[in-house]
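# Per-entry structural report
If you want the building blocks of each chain, they are given just below.
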Amino acid sequence: MTTKKFRDFRLSEEIFKAIEMLHFENPTDVQERVIPAILNKKDTIIKSQTGSGKTAAFAIPICELIKWDEYKPQVLVVTPTRELASQVKDDIFNIGRFKRIKAVAVFGKSPIESQIKDLNQKTHFVVGTPGRLIDLISKGALDVSNIKYLVLDEADEMLNMGFIEQLKEIIDTIKTDRITTLLSATMPKDIKKLCEDYMKNPKYFDIQNDTNMEARVTQSVYTIENESKINLLEDLLIFENPDTAIIFCNTRKSVDNIVKEFEELNYPFKKLHGGMDQRERTKVMNDFKKGYFRYLVATDVAARGIDIENVTHIFNYDMPIDKDIYVHRIGRTGRVDNKGIAISIVTPKEMKFFNKIQKQLSYNIEVKERPSKYALRKKKIRFTNKIKSKPNLKKTKGAELTKEILKLHINAGKKTKMRPTDVVGAISNIENVNASDIGIINITDVSTFVEILNNKGEYVFEKLQTTPIKGRLRNVSKANN
Ligand code: AMP
C-alpha cells in the first residue's frame, strides 16, 4: 500500500463516488503507478500479480477518459477465460456506475444471439474471450472502428492457451491510434515480442514481488503416498477447519474423485471444471462468491484472475506443474489486505514439480507433519459443527452501489420505437429529477429497463404511474436486478 490518495488523481466526482462506495480506501501499488500513466494516455505494460488491484488500475482511468455520449464501443478488453471476462465486466460496471458506463461481456459456449443484441445497443466497453470476439468482429456484430483503448488482460495465459494468433488477429482490426494496456503475470518472449510489435513507447511497470506473496499467504506442504491423498485432505480439512476453501486439482478426474468422497461425507461443496456447461460454471462461481457453500473443488479454470472475497484456505490436492500455476492458485487467498493459508499435498511422483517450484521461489515453503490422531480428535467437533452450519453470506461487490439504485421495467421497447431520449425526456420532466439521476437504459424488443440513481427510484416509480412516456401512459414496474 502507498501513501497516495485517490483524491490525488485527476478523476471526476462520479468515479470518486464509486471508489468510495466500493471501499477502496487508498490506491494499491499498481494503481498508484498505472492510473496516472493511463490518464496521460501512455501505452502500459503491467507485470503484476493477481490480487494486486490490477483490474481497477486500468478500469479507473479508462472509465474516466471515455466519452459517455459516443454510441460505438470505445474500449475492448480481451481476457483468456469466460469467468474473468464476466468479472472484469462487473468491475468496470461498478467503477463506472455513476458515470452510467455500459459494459458488455462476450464469450463462447453462450448464445451468440443475445450477445449480438447487446452489441447493437450503445455500449462503452466490450470485454471478451478471443474466439468469440473474432466471431463477432467477422460477423460485423462488433464494430471496432471506434475502439480507442485496448486492454490485453492476463496476456501470458492467453499465450498458454494458444490464443496468440487470435490475439494478433484482433489487434490488427483495431486502429493504431489507440492506447494499449497489457497485463501479464510473467513476461515470456512471445509476449515481449507482442509488446514490441503492437505498442508505442510503452511504460513498463513491474509490480510482481514474491516476498509480498510470502507475507500474504502462509504456505506449507505435506508429503504422502498417492493412495492416502484423499484421507490426508480430509484430515487437513478437519485440522484447519476453513471457513471457505478452494481445493485445486490438475485434472477433471481428480475433481470427480474428491466429489465422490465429499458427497458421501455430506460436505458443503460444489465442483468447477472446464467440462461443465457454461451456465452451470457461472452459477457455481457466483454461488461461491456469495458464500452459499464452503468448499470449491476445481481445476485451474478457477485459478486465473478470479476474485473471491475471504477465501481463507487454498489446497493443492494435486501439485501444480509449475510456479506460475502455483502462484495463481495461492493468489486466490490473501487478496489485497487479507492474509491467507495455502497447503499443498505432494506425492513421491509429484515431488519433482514441488522441487522445481521451491527452487524458483525466493522463500521456503514449510514442510509439515501430518496431524496426529489425537490432534484431529480434539478438533473434530468444531469441524462438524462448522460444516453443518450455514456459512456467513458475503456481500457482492457492488451491493452498496446497488442500494441506492432501482431498476424499472417499462412495458414498451424497440417494436414501439422507444428510444433512450424518450425515457430520459419523460423522467427528467418529473419534478426534482434530472438526467444525472438516470442510470443505464437498456431497450429490448418489447421492454425497456432503466436505472434510477441517488435513492430516487421509489419516487420516480410512483410518478411514472401517472406520467406518459412517448405520448402514452405505460405499464411501469420494478425490475429484478
Ligand atoms: P484484482 O487484482 O484486480 O483481481 O483485484 C483484487 C481485489 O482487490 C478485488 O476484489 C478488488 O475489488 C479489490 N481492490 C482493488 N483495488 C482496491 C483498493 N484500492 N483497495 C481495496 N481493494 C481493492
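In this text, all values refer to a predicted model and were calculated from it rather than measured experimentally. (Residues numbered from 1 in each chain as written. Predicted model: local features only at pLDDT ≥ 70, side-chain atom pairs only at ≥ 80, totals over all residues. Heavy atoms only, no water.)

Moving on: the overall build of the protein. Within the protein, the secondary structure is distributed over 19 helices and 18 strands. Computed over its C-alpha atoms, the radius of gyration of the protein comes to 24 Å, within 12% of the 23 Å expected for a compact globule of 481 residues. Principal axes of the C-alpha set define a box for the protein whose edges measure 75 × 50 × 45 Å. In the protein, buried positions account for 57% of the 481 residues. Of all intrachain contacts in the protein linking residues separated by at least 6 positions in sequence, the fraction that spans at least 24 positions is 76%. For the protein, the accessible area works out to roughly 22,000 Å², and carbon and sulfur atoms hold 49% of it. Positive and negative side-chain charges in the protein, numbering 81 and 64 respectively, have mean positions lying 3 Å apart. (Helix = DSSP H or I, 4+ residues; strand = E, 2+ residues; numbered from the N terminus. Rg over C-alpha atoms; globule rule 2.2 N^0.38 Å. Buried < 20%, exposed > 50% of the residue type's maximum accessible area, 1.4 Å probe, protein only. Contact = heavy atoms within 4.5 Å. Areas by Shrake-Rupley, 256 points an atom, 1.4 Å probe, with all protein chains shown as cover. Lys, Arg positive; Asp, Glu negative; His and termini not counted. Charge placed at Lys NZ, Arg CZ, Asp CG, Glu CD.)

The next point concerns the packing of aromatic side chains. Considering all chains together, one arrives at seven aromatic pairs under this definition. Here the aromatic cluster, defined as three or more aromatic residues joined through ring pairs, consists of F262, Y267, F269, Y295 and F383. The aromatic ring of F16 is capped on one face by R7, whose charged end is 4.1 Å from the ring centroid. Taking the ring centre of F353 as reference, the NZ or CZ of K352 above it sits at 4.9 Å. (Phe/Tyr/Trp six-rings, centres within 6.5 Å; stacked < 30°, edge-to-face > 60°. Lys NZ or Arg CZ within 6 Å of the ring centre and 35° of its normal.)

Turning to the sheet that holds strand β15 (residues 406–410), a few remarks are in order. Pairing in this open sheet of four strands is antiparallel, and the strands run β16-β17-β15-β18 from one edge to the other. Unpaired on one side and paired on the other, β16 (438–443) and β18 (476–478) mark the two borders of the sheet. Taking each pair of neighbouring strands and ignoring which way they run, the sheet shows an average axis angle of 25°. As paired elements, β15 and strand β17 (residues 448–452) share five bridges and run antiparallel to each other. Directly across from L408, in β17, lies its bridge partner V450. (Pairing = 2+ DSSP bridges. Axes fitted to C-alpha atoms, helices over the stretch in contact; angles between N-to-C directions.)

What follows covers helix α15 (residues 351–360). Among the residues making up α15, those that are buried are F354, I357 and Q358. On an axial view of α15, the arc spanned by its buried residues comes to 100°, and they lie on one face. In α15, the exposed positions angled more than 90 degrees off the buried face are occupied by K352 and K359. Structurally, α15 contributes buried residues whose contacts are with β8 (217–223), α14 (323–330) and β13 (340–346). (Arc of directions from axis to C-beta.)

One pass over the structure, following the stated rule, counts 25 salt bridges. Put simply, K47 and D206 hold a salt bridge, and the shortest N to O gap is 4.0 Å. Highlighted residues: K47 in strand β1 (residues 44–47) and D206 in strand β7 (residues 203–206), separated in sequence by 159 residues. Put simply, D243 and R294 hold a salt bridge, and the shortest N to O gap is 3.8 Å. Remark: R294 occurs in the loop between α13 (278–290) and β11 (295–298) and D243 occurs in the loop between α11 (229–240) and β9 (245–248); sequence separation between them is 51 residues. Exposure remark for D243: the relative accessible area of 39% places this residue in the partly exposed category. (Salt bridge = Lys/Arg side-chain N within 4 Å of Asp/Glu carboxyl O.)

So, about the domain arrangement of the protein. Assigned domains of the protein: these are domain 1 (6–208), domain 2 (211–388) and domain 3 (405–478). Its C-alpha centre places domain 1 at a distance of 30 Å from the equivalent point of domain 2. Facing 17 residues of domain 1, the contacting portion of domain 2 comprises 19 residues. Between domain 1 and domain 2, roughly 1,700 Å² of surface is buried when both sides are summed, and carbon and sulfur atoms account for 44% of that area. It is T50, E83 and Q87 in domain 1 that bury the most area against domain 2; as a group they hold 37% of the surface buried on that side. Counting across the domain 1 and domain 2 interface gives one salt bridge. The partner of E83 in a salt bridge is R281, and the shortest N-O contact between them spans 2.8 Å. Summed over the shared surface of domain 1 and domain 2, the number is three residue pairs in polar contact (both at pLDDT 80 or more). Counting residues per element, the ones that place at least two in the side of domain 1 that touches domain 2 are α4 (82–96) and α7 (155–160). Among the elements that take part in the side of domain 1 that touches domain 2, α4 stands out by supplying four residues, more than any other. (Domains from an automatic or database assignment. Buried area = accessible area lost by both parts, 1.4 Å probe. Polar contact = N/O pair within 3.5 Å; in protein donor to acceptor, adjacent residues only side chain to side chain.)

On to the nonpolar core, then. One recurring pattern in soluble globular proteins: nonpolar side chains tend to sit buried together. One finds F58, I60, I62, V77, I92 and F125 to be the most contacted residues of the largest nonpolar core, which totals 41 residues. Residues contacting I62, with those up to four places away along its chain left out, are I38, V75, F125, Y149 and V151. Among the nonpolar cores identified, the runner-up in size contains 34 residues, and L76, L133, I137 and L150 belong to it. (Core = buried A, V, L, I, M, F, W, Y, C linked by side-chain atoms within 4.5 Å.)

Right, let's talk about unusual backbone geometry for a bit. Residues other than glycine predominantly adopt negative phi, and peptide bonds predominantly adopt the trans conformation. Phi at N201 is positive, roughly 35°, even though this residue is not glycine. Within the element layout of this structure, N201 appears in the loop between α9 (189–198) and β7. For N454, which is not glycine, the phi torsion reads 55° and is therefore positive. Position of N454 relative to the elements: it lies in the loop between β17 and α19 (457–464).

In this section: the environment of P61. Relative to the elements of secondary structure, P61 occurs in helix α3 (residues 54–65). The buried category is assigned to P61, whose relative accessible area is 0%. In sequence terms P61 and F9 are 52 residues apart; their C-alpha atoms lie 9.3 Å from each other. For P61, the contacting residues outside a window of four places in its chain are I35, I38, L39 and A56.

Here the focus is the packing of helix α6 (residues 130–138) against helix α8 (residues 164–173). Where α6 meets α8, the axes come as close as 9 Å, and the angle between the chain directions of the two elements is 40°. It follows that α6 is oblique to α8 by the angle criterion. When the axes of α6 and α8 are compared, the crossing they make is left-handed. Every residue of α8 that contacts α6 at P130, G131, L133, I134 and I137 is listed here: Q166, E169, I170 and T173. Of the residues that constitute the contact of α6 with α8, the class distribution is five nonpolar, three polar and one charged. (Parallel < 35°, antiparallel > 145°, perpendicular 65-115°, else oblique. Left-handed = near helix turned anticlockwise from the far one by under 90°. Nonpolar A, V, L, I, M, F, W, Y, C, P; charged D, E, K, R; others polar.)

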